[in-house]
Structure formats: structure tokens, C-alpha cells
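# Per-entry structural report
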Amino acid sequence: PGHRGRLREVVPPSVSYDREHFFEATDGTRVFGEEFGQGGPPVVLTDGIGCDGFVWRYLAPSLGEHRRVVHWHFRGHGRSGPPADPARLGIENLAEDLRTVRDTLGFERPVIAAHSMGVQVALEYYRQHPNDVAGLVLMCGTFGKITTTFHGTDLLDQVLPGLLRGTELFPSCARALWGRVPAALAFRVACAGRELDRDRIREEDFERYWEHSALMNPDVFLRMLRAAGRHDAKEFLNDVRAPTLVVAAELDTFTPMALADEMARSIPEAELEVIEDASHAAPVEQPRRIVDRVEEFLSARVTSAEAQR
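Residues numbered from 1 in each chain as written. Predicted model: local features only at pLDDT ≥ 70, side-chain atom pairs only at ≥ 80, totals over all residues. Heavy atoms only, no water.

So, about the overall build of the protein. Tallying secondary structure elements over the protein gives 11 helices and eight strands in all. Taking 2.2 N^0.38 as the reference for a compact globule, 309 residues should give roughly 19 Å; the C-alpha atoms of the protein span a radius of gyration of 18 Å, in line with that estimate. On the principal axes, the C-alpha backbone points of the protein span a range of 55 × 50 × 40 Å. A total of 309 residues make up the protein; the buried ones form 56% of that total. (Helix = DSSP H or I, 4+ residues; strand = E, 2+ residues; numbered from the N terminus. Rg over C-alpha atoms; globule rule 2.2 N^0.38 Å. Buried < 20%, exposed > 50% of the residue type's maximum accessible area, 1.4 Å probe, protein only.)

Quick look at the structure:
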């Protein structure tokens, strides 16, 4: 039981991908992807910034029981290489990388399941290829300008230029300081500040995220964050015609729930699912709840529609 007497839910086993690939992006960057399962339409798992798959640990096994699941790493993340062109770290560039993954693996009309900043990548991919998306599952994210809404303020947008100047002027110091906070301490601080639901999240899941972020090049992380702060898909949300499920976490301080509500109201016929007592890490806090809702959405809105095409 947690400190308020709640039991952590029984979760599915963690995912085991059985096929790995490397893809060459348009600028020569080496992009990593992995997959398992069969059937369609394929579900493409798209991370948030600083992540290499921890958030899909419990969702992917269930999704892969009856369909093909593809997971890929952003440039500069996980097993993908650093950007060949340091200027190509925008949301548009990441959407182009996703297209490279799709073209190389040869699948058609994927469902894009995205978390956090990945929501912007999914929406940008739809903008670039509106006829090539079978469905969208948008979790704990927003449609754009993410640095202006963090914790409901624009403080991150204000301090980001100074952080970037610091990494440019003192790259060695920035790399030395980046990620020096131990995962265990970061976990306790995040839980104390209610950034995470400590009753439900497992510390080892948070550690996977923290340790990966600590290994990243801080300049890549901050430049990509700045690009996400400039990208905005709000203007075309009303033009989205793919079946869409928006998953919002009630206690999400990174992308407040009001943004998810606005996104769901703006996309025609989008469905909104609110996960109570959940934080930005809802997919690893309450995976069973989210898996069941996503499976229901895919069966009712996507699988049958694709079969009739």
C-alpha cells in the first residue's frame, strides 16, 4: 500500500522487442527503432523529450498481443545517433524522422501513440501526411508552445535562453553538471512536489527515465526543448480527421489538463479520457487503466474503420 493506503495496480510484464533496426534520416542522422508483434494497423510509440521508452514499458506488451508495435528513439536520444546537422532538432525534423522509419519498415497508415512532447511530433506528422494516419493516441501532452505552459506559467520560456547560452559558452561544465543529481534524490523531490504519484509509480521506472536523461547531451536537450516551445499545431487541430483519443492526467503539472481538454474540443470527434489522481507519468502509474481505454478506442474507432478501407 502507498502512504494513503492505496494499492499499486497489478501491471503487465515489461516489453521485449524482438526486431531492431537503424534508419538513415534525410540529413544522415542514424535513427534507432525496434518492434514486435504482427497485425495492423501498426502502433508507433513516440516518446517525450529526454525519454527512450520508459513510459511504454507496461503498455507495449498489451498493445502487441494483437498488433504490430514499433518504437523509435528521437535523434540524440537512446540508441539513435546525435543529429548530423545540429540545427535540425525541431518538431518538423522529428516528424520527418518518423516518416523515414515508416518508409523503411514499409508499413502504411499507422496509429501514432505519443506521450508528452511526442504529442507535438504526432500532430506535426499528421500535418505533413494527413492521409497516412489511421489514428492518434495523444497522452499527457499539448498541441504546442510547451515551454509557455509548464506548471501553468511561462517561466521555463524565460529561463531557457540563459540555459542555452550557458551550454554554448561552457559546454564542458554543462556536461559535467548535467544529470549530477542522483536518481533517488530526484525521485523523492518529484514525489514531494507532487510531480509524480508516489503511491503508484515504481521508483525503478523513474530511474530509467532519469538515468537516460543524464546521459544526454544537454545542448541537444535544451535546443529540442526550445524548438518545442516554438512549435504550435493549434491552427490546424480543427482539420484533423483521424480518429483521436486524448488522454489527460488530472494532476499533470508539465502539461496541465486544461490543454488536453482544449485539444480534444478542437479536434473533430476526438475522445477525452481523464485519468484521476495521475501525474505526467500516468502511463507507468496507471497502465492497466490506460491500456484498457486505448484498446477500447482502437477496436471501436480504428481497427474496424481500417478494415473497411
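Membership of the largest hydrophobic core comes to 53 residues, with the highest contact counts inside it found for Trp72, Met117, Leu123, Leu136, Leu138 and Met263. When near neighbours in sequence (up to four residues on either side) are disregarded, Leu123 contacts Leu136, Leu138, Phe143, Ala233, Phe236, Leu237 and Met263. (Core = buried A, V, L, I, M, F, W, Y, C linked by side-chain atoms within 4.5 Å. Contact = heavy atoms within 4.5 Å.)

Looking now at the side chain of Ser213. Counting through the fold element by element, Ser213 comes out in helix H7 (residues 203–215). Exposure remark for Ser213: the relative accessible area of 9% places this residue in the buried category.

Let us look at helix H9 (residues 257–266). Every buried residue of H9 is accounted for by Leu259, Ala260, Met263 and Ala264. Taken down its axis, H9 places every buried residue within 135° of arc, on the same side. In this structure, H9 carries Ala258 and Arg265 as exposed residues pointing more than 90 degrees from its buried face. Residues of H9 that are buried sit in contact with helix H3 (118–128), strand S6 (135–139), strand S7 (244–249) and strand S8 (271–275). (Arc of directions from axis to C-beta.)

Between helix H6 (residues 183–192) and H7, the shortest axis-to-axis distance is 10 Å and the interhelical angle comes to 115°. Relative to H7, H6 is oriented roughly perpendicular. Judged by the sense of rotation from one axis to the other, the crossing of H6 with H7 is right-handed. Contacts between H6 and H7 pair Ala183, Ala184, Ala186 and Phe187 from the former with Glu203, Phe206, Glu207 and Trp210 from the latter. Of the residues contributing to the contact of H6 with H7, the split by class is six nonpolar, no polar and two charged. (Axes fitted to C-alpha atoms, helices over the stretch in contact; angles between N-to-C directions. Parallel < 35°, antiparallel > 145°, perpendicular 65-115°, else oblique. Left-handed = near helix turned anticlockwise from the far one by under 90°. Nonpolar A, V, L, I, M, F, W, Y, C, P; charged D, E, K, R; others polar.)

The next thing to look at is the packing of helix H2 (residues 91–105) against H3. Following both chains from N to C, one finds H2 and H3 inclined at 70°, their axes separated by 8 Å at the closest point. Of the possible angle classes, the one that applies to H2 and H3 is roughly perpendicular. In contact with Ile91, Glu92, Leu94, Ala95, Glu96, Leu98, Arg99 and Arg102 of H2, H3 contributes Gln120, Val121, Glu124, Tyr125 and Gln128. Split into classes, the residues belonging to the contact of H2 with H3 amount to six nonpolar, two polar and five charged.

What follows deals with H3. Most of H3 is tucked away, with nine of its 11 residues classed as buried. What H3 keeps buried is the set Gly118, Val119, Gln120, Val121, Ala122, Leu123, Glu124, Tyr125 and Tyr126.

This model, assessed by the stated rule, comprises nine aromatic pairs. Their ring planes at 80° and their centres at 5.2 Å tell us that Trp72 and Phe74 sit as a pair that is edge-to-face. Taken together, the ring pairs connect Phe54, Phe187, Phe206, Tyr209 and Trp210 into an aromatic cluster. Looking at Arg30, its charged tip hangs above the ring of Phe22, at a distance of 3.8 Å from the centre. (Phe/Tyr/Trp six-rings, centres within 6.5 Å; stacked < 30°, edge-to-face > 60°. Lys NZ or Arg CZ within 6 Å of the ring centre and 35° of its normal.)

The tally for this structure, following the rule as stated, stands at zero disulfides. Cys51 takes part in no disulfide bond, and the closest cysteine sulfur to it belongs to Cys140, at a distance of 11 Å. (Disulfide = S-S within 2.5 Å.)

Before going further, it helps to spend a moment on the confidence of the model for the protein. With 95% of its residues at a pLDDT of 70 or more, the protein has an overall mean of 91. Low pLDDT (under 50) marks residues 1–5, which in the prediction has seven contacts with non-local residues, meaning those over four places away or in another chain. (pLDDT = per-residue confidence, 0-100.)

Of note, Ser116 is a non-glycine position whose phi angle comes to about 55°, a positive value. The topology assignment puts Ser116 in the loop between strand S5 (111–115) and H3. Of note in this structure, His151 is not a glycine but carries a positive phi near 60°. Along the polypeptide, His151 turns up in the loop between S6 and helix H4 (155–169).

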